[in-house]
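Fold and geometry: a report
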Amino acid sequence: MLKEFKEFALKGNVMDLAVGVIIGGAFGKIVASLVNDILMPLISMLTGGVNFSDLKIILKAGDESKKITEVAFKYGAFIQNVLDFLIIAFCIFLMVKAMNKLNRKKEEAVEEARKMLGVYATFAEKWMAVPVLQGVKSESEKFAGALDTYTIEAMMQDGKALQSGTSHFLGQNFAKSFDVTFLNKENKAEYVWATSWGVSTRLIGALIMTHSDDNGLVLPPKLAPIQVVIIPIAKGEEQLSAITEKLQTVISKLRESGISVKFDDSDNKRPGFKFADYELKGVPVRLVMGGRDLESNTVEIMRRDTLEKETVSLDGIAEHIIQLLDQIQDNIFEKARKYRDERVYECENYEEFKEKVKEGGFFLCHWDGTAETEAKIKEETQATIRCVPFAYEQTEG
């Protein structure tokens, strides 16, 4: 960025300079306040209370009684003016740089749209543990006004698709409608090539419908607000105090490692109710310690994704839980991916397709590319073209 700023300051074209004058005037008061009221007091403090405005080299002393004017080099004022200029120039540079982010070429806009689709796909798979297929929408399914709509499609547990995020290459349609232009290297106005992308709260639905079971939510550890819940089972206050003290080291180590932990020692709910409640909420890991565990220095661990339980030693338990959370994250994703992949079918026969599509799944089918055929398939089967997937080779058929 510093290199770009240097080139901007030293080699700016006429339009850059014109923009600089206009924006510089508009930001003048703000920048002056930033320098005088915020930066200069800090600099003065660091330099031992020096007021830059007072710094000067006196060449000839002045005398008001004799009306003799002081002659001096006021280098302090010069330093402050230079600082003002640099801040104004840097503000202009940042604003011009932001404006230049508007895509100047078609290829850049397409690349930006595909890049954002990749961002959404990575979030869905690495954080939500939801496997997705990336692809491009058909002409009928794309966003109105876009030249291309890219999508990530997830499969829910009923075998149906959920559009989980989209990124649109808008071309110049909206730029022409709203007169959004930039100046090219020849200082001629051109319409920008625009993109638009976004995901919504629909992802919450995707998370619930992809992973949950009859016991409630199953949350991936990376997104779970509570990653570990610890429930003590004690007979009396004395035993509860002993268990609590025993577990404090574990709680501290987990929290120091960035793990969200809840220690539920409330006495108005039975342990069985707490177990069911936290399963319903999808907490990835549950620890339980009772009187026998206290004596044997052990704890019971249950993982939400498989409902499996094991009793392990408290020694090294924090490290074990951290590894377990990673395993749960991977297992949830692999389970969903396996479910999806087992329901991806290649279909060459339309009559076979009409029967099998009732069961749900993703179908790889040949299509003549016409909106008429797409509409007919939707009318006869209620199925829609989710996308032309990038992951599969396009073949003739």
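Analysis parameters
- Residues numbered from 1 in each chain as written.
- Predicted model: local features only at pLDDT ≥ 70, side-chain atom pairs only at ≥ 80, totals over all residues.
- Heavy atoms only, no water.
- Helix = DSSP H or I, 4+ residues; strand = E, 2+ residues; numbered from the N terminus.
- Expected span 1.5 Å × (residues − 1).
- Buried < 20%, exposed > 50% of the residue type's maximum accessible area, 1.4 Å probe, protein only.
- Pairing = 2+ DSSP bridges.
- Arc of directions from axis to C-beta.
- Contact = heavy atoms within 4.5 Å.
- Patch = residues over 30% accessible without salt bridge, like charges linked within 9 Å, V, L, I, M, F, W, Y side chains within 5 Å.
- Areas by Shrake-Rupley, 256 points an atom, 1.4 Å probe, with all protein chains shown as cover.
- Salt bridge = Lys/Arg side-chain N within 4 Å of Asp/Glu carboxyl O.
- Axes fitted to C-alpha atoms, helices over the stretch in contact; angles between N-to-C directions.
- pLDDT = per-residue confidence, 0-100.

1. Section: helix α11 (residues 317-341)
Over its 25 residues, α11 extends 35 Å from the first C-alpha to the last, a length consistent with the 36 Å expected when each residue adds 1.5 Å. Of the residues making up α11, those classed as buried are Ile-317, Ala-318, Ile-321, Leu-324, Leu-325, Ile-328, Gln-329, Ile-332, Phe-333, Ala-336 and Arg-340.

2. Here's the deal with the pairing of strand β12 (residues 298-303)
Counted residue by residue, β12 has five buried out of six residues, so it is predominantly covered. Of the pairings in the sheet, the one linking strand β11 (residues 285-289) to β12 comprises four bridges and is antiparallel in character. Pairing of Leu-287 across the sheet is with Ile-301, part of β12. Sheet topology places β12 next to strand β13 (residues 309-313); five bridges connect them, and they run antiparallel. Paired with Thr-298 across the two strands is Ser-313, which belongs to β13. Counted along the chain from β12 to the antiparallel partner β13, the turn is five residues long, and its residue Leu-307 has a positive phi close to 65°.

3. Re helix α7 (residues 202-211)
For α7, the full list of buried residues reads Leu-203, Ala-206, Leu-207, Thr-210 and His-211. Viewed along the axis of α7, the buried residues span an arc of 100°, placing them on a single side of the element. Residues of α7 that are buried sit in contact with α5 (106-127), β4 (148-155), β5 (161-171) and α11.

4. With respect to unusual backbone geometry
Within the chain, Asp-179 stands out as a residue other than glycine whose phi angle is a positive 55°. Looking at the secondary structure, you find Asp-179 in the loop between α6 (173-178) and β6 (181-183). The exposure class of Asp-179 is exposed, given its relative accessible area of 53%.

5. A look at a nonpolar patch on the surface
A cluster of nonpolar side chains, Ile-57, Leu-59, Val-71, Phe-73, Tyr-75, Phe-78, Ile-79, Val-82, Phe-85 and Leu-86, forms an exposed patch at the surface whose accessible area comes to about 950 Å². Where the nonpolar patch is concerned, the elements lending two or more residues are β1 (57-60), β2 (71-73) and α4 (75-99). Among the elements that take part in the nonpolar patch, α4 stands out by supplying six residues, more than any other. The residue Val-82 is located in helix α4 in this model.

6. Here's the deal with the sheet that holds strand β10 (residues 261-263)
Strands sit in the order β10-β9-β11-β12-β13 across an open sheet of five strands; the sheet is mixed. In this open sheet, the two edge strands, each paired with only one partner strand, are β10 and β13. Strand-to-strand twist across the sheet, computed as the mean angle between neighbouring axes with direction ignored, equals 25°. Bridge analysis of strand β9 (residues 228-232) against β11 gives five bridges, and the strand direction is parallel. Residue Ile-230 lies in a different strand from β11, and its bridge partner there is Leu-287.

7. Some thoughts on the side chain of Arg-304
Its location among the elements puts Arg-304 in the loop between β12 and β13. Setting aside residues up to four positions removed in sequence, Arg-304 forms contacts with Asp-213, Asn-215, Gly-216, Leu-217, Val-218, Glu-279, Gly-282, Val-283 and Pro-284.

8. What to know about the confidence of the model for the chain
Within the chain, residue pLDDT values average 86, and 83% of them lie at 70 or more. Scored below 50 in pLDDT, residues 10-20 makes ten contacts in the model with residues more than four places away or belonging to other chains.

9. What about the pattern of salt bridges?
One pass over the full model with this rule turns up 16 salt bridges. The residue Glu-355 makes a salt bridge to Lys-358 at a minimum N-O spacing of 3.7 Å. Taking relative accessible area as the criterion, Glu-355 reaches 51% and is therefore assigned exposed. Of the residues examined, Lys-358 reaches a relative accessible area of 64% and is grouped as exposed. One salt-bridge network, in which partners are shared between bridges, spans Glu-334, Arg-337, Arg-340 and Asp-341.

10. Some words on the sheet that holds strand β3 (residues 132-136)
Judged by pairing direction, the sheet is antiparallel, and its five strands sit side by side in the order β8-β5-β4-β3-β16 without closing on themselves. The open sheet is flanked by β8 (194-198) and β16 (388-389), the only strands paired with a single partner. As judged from the eight bridges shared by β4 and β5, these two strands associate in the antiparallel manner. Considered in β5, the bridge of Ile-152 is made with Gly-165. Packed onto the sheet, α5 meets β3, β4, β5 and β8 and runs at close to 160° relative to β5. Relative to the sheet, α7 contacts β4 and β5, its axis offset from that of β5 by approximately 150°.

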